[in-house]
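Structure assessment
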Amino acid sequence: MKKVLRIISMILGILVLALLAGGLFIQLRGIPTYDPPAYTLKVAVTPERVERGYTIASMMCIQCHSGASGRLTGKRVEDLPASFGEIYSMNLTHDPVYGIGNWTDGELYAFLRTGVRPDGTFAPTYMPKYPLMAEYDIESLIAWLRSDRPEVQATQEEAPPSKPSFFTKFLTNVAIKPLPMPAAPIQVPDTQETVAFGRYVADGVYACWACHSADFARQNSLQPSLSFHFYGGGNPMLNLSGEVVPSSNLTPDAQGLPGGYDAAGFLDALKYGKKKNGELTRYPMIPHTILSDTEVHAVYAYLKTVPPLPDLVSAGK
């Protein structure tokens, strides 16, 4: 019996040492680097593309990257869960040293798709990737970044380096990897195909599911519907004071209404921040006035098709 206990103790000791060694390796290694994808592209910077790119960026880029000067200098991202660490966004201006002025259009495209920068460094889960965005829209983002818009003009202002937590390092070493480049060009669905267009707007462009599912660490960017508690809300978002503001459940209620809203109420909440109880939406949910009514109605139609899920927040889970 003593021999068996001795053997078990040895095995447990070896396992503990292996875990400690693995943890030390991850801590010292940090976020892995990768060979950046090679992609050749030249985007036409037209007024139409720049305007479309700005529309997308106003919801997906500017809020996190805009510094005190109004240019995209980068800053601390205050509304991320503390478990990710102390995270700062990067300079996205034309500056060739501190910004992305020396990146090619192909390098920008590959980064937006995969999360791998030209130097091989990888942007973890808190930096959105766009594997489902149509070619026109992602090229419009690049056109905006190349444009003469004031927010992207060169500046040497730069946020401090991020200090990712061990949790972030662990995830990027064992679970979260760069996304693949699309196997074929992606097209914007016809706006007459309301549900398909709404799915594209909500999942492919603005990634609404990322905040309105329940856990950033259990998301599937290639197949969003496989994410944990998809559109069921409960993700512990932070406001700018550090208070937890769980995301809302947007799945249909017992009457088939997404988030309990009829179509008109949903539009008021999404575009103008007016909730059905008369209150205003709380940060990090902000009014999305730049969305067209067509986009909002399509998103609503799509959410009506999402499987209903219980509200984790009201259930106390």
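Refer to the structure presented above.
First, a word on what this report is: a plain description of the structure on this page. (Residues numbered from 1 in each chain as written. Predicted model: local features only at pLDDT ≥ 70, side-chain atom pairs only at ≥ 80, totals over all residues. Heavy atoms only, no water.)

**Describing the overall build of the protein chain**
Just so we agree on the cut-off: A helix here means a DSSP run of H or I that spans at least four residues, while a strand means a run of E at least two residues long, and both kinds are numbered starting from the N terminus. Throughout, radius of gyration means the C-alpha value; the globule benchmark is 2.2 Å times the number of residues raised to the power 0.38. To sort residues, take the accessible area from a 1.4 Å probe on protein chains only and compare it with the maximum for the residue type: under 20% means buried, over 50% means exposed, and anything in between is partly exposed. What makes two residues a contact is simply this: any of their non-hydrogen atoms within 4.5 Å. All accessible-area figures derive from a Shrake-Rupley calculation using a 1.4 Å probe, and residue coverage is judged against the displayed protein chains alone. In this charge count, Lys and Arg are treated as positive and Asp and Glu as negative; neither His nor the chain ends contribute. To locate a charge, take atom NZ for lysine, CZ for arginine, CG for aspartate or CD for glutamate.
The helix and strand tally for the protein chain stands at ten helices and four strands. Put simply, the protein chain runs from its N terminus to its C terminus through helices and strands in the order α-α-α-β-α-α-β-α-α-α-β-β-α-α. For 317 residues, the compact-globule estimate of 2.2 N^0.38 gives 20 Å, and the C-alpha radius of gyration of the protein chain, at 22 Å, lies within 12% of that figure. Along the first, second and third principal axes, the C-alpha set of the protein chain runs to 75 × 55 × 40 Å. Buried residues in the protein chain amount to 44% of all 317 residues. Of all intrachain contacts in the protein chain linking residues separated by at least 6 positions in sequence, the fraction that spans at least 24 positions is 63%. In the structure as shown, the protein chain presents an accessible area of about 16300 Å², 59% of it carried by carbon and sulfur atoms. Distance from the positive charge centre (27 side chains) to the negative charge centre (29 side chains) of the protein chain: 12 Å.

**Re the packing of helix α2 (residues 47-60) against helix α5 (residues 135-145)**
What counts, and what does not: Helix axes use the C-alpha atoms of the stretch in contact, all axes being lines fitted to C-alpha atoms, and the angles between their N-to-C directions lie in the range 0 to 180 degrees. Angular relationships are summarised with four words: roughly parallel below 35 degrees, roughly antiparallel beyond 145, roughly perpendicular across 65 to 115, and oblique for the angles in between. The classification used treats Ala, Val, Leu, Ile, Met, Phe, Trp, Tyr, Cys and Pro as nonpolar, Asp, Glu, Lys and Arg as charged, and all other residues, Gly among them, as polar.
Viewed as axis vectors pointing N to C, α2 and α5 meet at an angle of 95°, and their least axial separation amounts to 7 Å. Classified by the angle between their axes, α2 and α5 sit roughly perpendicular to one another. The segment α2 lies against α5, with Glu48, Arg49, Val50, Arg52, Gly53, Tyr54, Ile56 and Ala57 engaging Tyr136, Asp137, Glu139, Ser140, Leu141, Ala143 and Trp144. Along the lines of polarity and charge, the residues of the contact of α2 with α5 split into eight nonpolar, two polar and five charged.

**Quick look at the environment of Trp144**
Here Trp144 shows up in helix α5. The spatial distance from the C-alpha of Trp144 to the C-alpha of Leu179 is 23 Å, given a sequence separation of 35 residues. Residues within four places of Trp144 in sequence aside, it is in contact with Val50, Gly53, Tyr54, Ala57, Cys61, Ile62, Leu72, Arg149, Glu151 and Val152.

**Details of α5**
Across the eleven residues of α5, ten count as buried, placing the element largely inside the fold. Regarding α5, the residues found buried are Glu135, Asp137, Ile138, Glu139, Ser140, Leu141, Ile142, Ala143, Trp144 and Leu145. The inward-facing, buried residues of α5 abut α2, α3 (62-65), α4 (105-114) and α7 (194-205).

**Considerations on the environment of Leu309**
Secondary-structure assignment places Leu309 in the segment after α10 (293-303). Judged by its relative accessible area of 30%, Leu309 is partly exposed. Once you skip the residues sitting within four places of it in the chain, Leu309 turns out to touch His229, Phe230, Gly232, Asn249 and Thr251.

**Observations regarding the environment of Gly232**
Secondary-structure assignment places Gly232 in the loop between α8 (208-212) and β3 (236-238). Between the alpha carbons of Gly232 and Ala298 there is a distance of 19 Å; along the sequence they are 66 residues apart. For Gly232, the contacting residues outside a window of four places in its chain are His212, Ser248, Asn249, Thr251, Leu309 and Pro310.

**Re a nonpolar patch on the surface**
Heads up, the condition is: Every patch collects residues that have over 30% relative accessible area and no salt bridge, joining them within 9 Å if they carry like charges and within 5 Å if they are nonpolar side chains (Val, Leu, Ile, Met, Phe, Trp, Tyr). Within this document, salt bridges are pairs made up of a side-chain nitrogen of Lys or Arg and a carboxyl oxygen of Asp or Glu, the two lying within 4 Å of each other.
Taken together, the side chains of Ile7, Ile11, Leu12 and Leu15 make up a nonpolar region of the molecular surface, amounting to roughly 370 Å² of accessible area. Take Ile11: it is sitting in helix α1 (residues 2-29).

**Here we look at the side chain of Arg52**
Its place among the elements puts Arg52 in helix α2. Excluding its chain neighbours within four sequence positions, the residues that come into contact with Arg52 are Tyr136, Asp137, Ser140, Val205, Tyr206 and Glu295.

**Regarding unusual backbone geometry**
Cis geometry is found at the peptide bond from Tyr283 to Pro284, where omega equals 15°. Counting through the fold element by element, Pro284 comes out in the loop between α9 (263-272) and α10. One non-glycine residue with positive phi stands out, namely Ala207, at about 50°. For Ala207, the position within the fold is in the loop between α7 and α8. The backbone phi angle of His229 is positive, close to 55°, even though this residue is not glycine. Residue placement: His229 occurs in the loop between α8 and β3.

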